[in-house]
Amino acid sequence: MKFVVSSKALYSQLQAIGRVVSPKNSLAILDCFLFNVEDNQLKVTASDSETTLTASLELIESNENGCFAINSKKVLEALKDISEQPLTFQLDLNTMEMTISYQNGYYNLIAQKGEDYPQPIGLSEEGIVHLNVKSSVLLNSVTRTLFATSDDTLRPVMNGIYFDITTEDLTIVATDGHKLVRCRNFSTKSEQKASFVLPKKPAQMLKSLIGKDDSEVQIQFDGRNATFKSDGFKMVCRLIEGRFPNYNSVIPSDNPFVVTINRQSFISALKRVLVFAAEEIWLVKISLSQNELTVSSKDLDFSTAAEEHLACSYNGRNISIGFKGTFLIDILNNLSSEDVMLELADAARSGVIVPADQDEDEDTLMLLMPMMLND
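So, here's what we can say about the structure. (Residues numbered from 1 in each chain as written. Predicted model: local features only at pLDDT ≥ 70, side-chain atom pairs only at ≥ 80, totals over all residues. Heavy atoms only, no water.)

**Considerations on the pattern of salt bridges**
And then number 1: The full count for this structure, using the stated rule, is 11 salt bridges.
And then number 2: K179 is the partner of D176 in a salt bridge, and the nearest nitrogen-oxygen pair spans 2.6 Å.
And then number 3: For D176, a relative accessible area of 11% gives the class buried.
And then number 4: Judged by relative accessible area, which is 5%, K179 ranks as buried. (Salt bridge = Lys/Arg side-chain N within 4 Å of Asp/Glu carboxyl O. Buried < 20%, exposed > 50% of the residue type's maximum accessible area, 1.4 Å probe, protein only.)

Given below as structure tokens:
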């Protein structure tokens, strides 16, 4: 068996799917990439038994179909610094001896039989839901929500991203109980209501695979598994089972005090003030007065304090609220608008942060639970 492939194209695809390979696999063959040559096309697969990624690329030439597996770490290291050139793979299907030849040398290694590589779990024939989403919409929503997922082993359903699909929109949500992100897109909808929770790891894989263009990602899922397919890749993963919290019930419906402020200036001030906050809680105090926002922090144990005043647009009554500064910076970093709006009711209710300008088909909202002020 022999085939020729572009070195850079192959390395790029292997690097993209290689992130799914676990450092500790229950099956030794899962330390490998599966190569499948068929009709002058190469499909390379990586898996950790729960998430399987497959990428496709055209071959320069091939003389027959076949499949084999080779160690992922070894081949990635071997191809990392090879300049763009044809790579020739030659495999003896009887002895599984392989030679990879390039311009200045070659590698010899022993491959494994491709038939031993586990196949991804398929979807059930009944109850499959289909959904097409623009790559840019999916990328933006996944990117904005990933940071808000939890790591709580007692509540695994919150360790992923919730896809809430209706006949009117697609809403993607993540929360860890302290912060919540809700990304709603009105251009994406389905003929039926459905939902699923995508685990954090495959969500991170999606973020690295999908582009910012208007190509479509085809999503199919049943009660336990989902597939994501687009140009050049396919991902099959197991979903998190369980009921996701009613996210709409925790979002305040009436926040009368609204301040508009430059997002980057707010982030910079928070970073400077946080230097003097108590490290175990990172509490910052946000105080609003006429067209002015004050950020302050202090650490009573070390007698340190900081305060900074920022210009803003605000004409409500004076109000103060406490937030965990690191969480607030995370939220602001995951918004892209020049200005943001901070909506408050009182010191005991959640603060809502939204972009000052949103696209017509989008509604992005981020929520942060308050902290008790110590003065």
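From this point, things continue past the structure.
**A short note on the sheet that holds strand β20 (residues 283-289)**
And then number 1: Read from one edge of the open sheet, four strands run β22-β21-β20-β23, paired in antiparallel fashion. Two strands in the sheet have a free side with no partner beyond their single neighbour: β22 (304-311) and β23 (319-324). Taking each pair of neighbouring strands and ignoring which way they run, the sheet shows an average axis angle of 20 degrees.
And then number 2: Here strand β21 (residues 292-299) runs beside β22; their pairing, made up of eight bridges, is antiparallel. (Pairing = 2+ DSSP bridges. Helix = DSSP H or I, 4+ residues; strand = E, 2+ residues; numbered from the N terminus. Axes fitted to C-alpha atoms, helices over the stretch in contact; angles between N-to-C directions.)

**Focus: the packing of aromatic side chains**
And then number 1: Enumeration according to the criterion identifies 11 aromatic pairs in this entry.
And then number 2: Aromatic pair F196 and F221: ring centres 4.5 Å apart, planes at 50 degrees, arrangement tilted. Pair noted here: F196 is in strand β15 (residues 194-199) and F221 is in strand β16 (residues 216-221), with a separation of 25 residues, a long-range link.
And then number 3: The buried category is assigned to F221, whose relative accessible area is 2%.
And then number 4: Among the aromatic residues, those joined into a ring-pair cluster are F3, F35, F68 and F89. (Phe/Tyr/Trp six-rings, centres within 6.5 Å; stacked < 30°, edge-to-face > 60°.)

**A few points about the side chain of E362**
And then number 1: Relative to the helices and strands, E362 resides in strand β26 (residues 362-368).
And then number 2: Given the relative accessible area of 18%, E362 is considered buried.

**Quick notes on helix α5 (residues 263-274)**
And then number 1: An ideal rise of 1.5 Å per residue puts 16 Å on 12 residues; α5 measures up with 16 Å between its terminal C-alpha atoms.
And then number 2: Residues of α5 that are buried include every one of R263, F266, I267, A269, L270, V273 and L274, and no others. What you see down the axis of α5 is that its buried residues fit within an arc of 165 degrees, all on one side.
And then number 3: Buried residues belonging to α5 abut β19 (257-262), β20, β21, β22, α6 (325-333) and β24 (339-344). (Expected span 1.5 Å × (residues − 1). Arc of directions from axis to C-beta. Contact = heavy atoms within 4.5 Å.)

**Digging into the pairing of β24**
On any regular strand, side chains alternate: one points to one face of the sheet, the next to the other face.
And then number 1: Residues V340, L342 and L344 line the buried face of β24, whereas the alternating positions D339, M341 and E343 sit on a face that is not buried.
And then number 2: Bridge analysis of β19 against β24 gives six bridges, and the strand direction is antiparallel. Counted as the bridge partner of F257 is L344 from β24.
And then number 3: Pairing of β24 with strand β25 (residues 351-355), which is carried by four bridges, proceeds in the antiparallel orientation. Bridging from a neighbouring strand, M341 pairs with V354 of β25.
And then number 4: Counting the residues in the hairpin turn of β24 and β25 gives six residues.

**Here's the deal with the sheet that holds strand β5 (residues 61-62)**
And then number 1: Taken together, five strands build an open sheet; the order of strands is β5-β1-β7-β8-β9 and the sheet is antiparallel. The open sheet has two edge strands, β5 and β9 (105-110), and neither has a second partner.
And then number 2: One ladder, built from four bridges, connects strand β7 (residues 86-91) with strand β8 (residues 97-102); its direction is antiparallel. Note on β8: the bridge partner recorded for F89 is I100.

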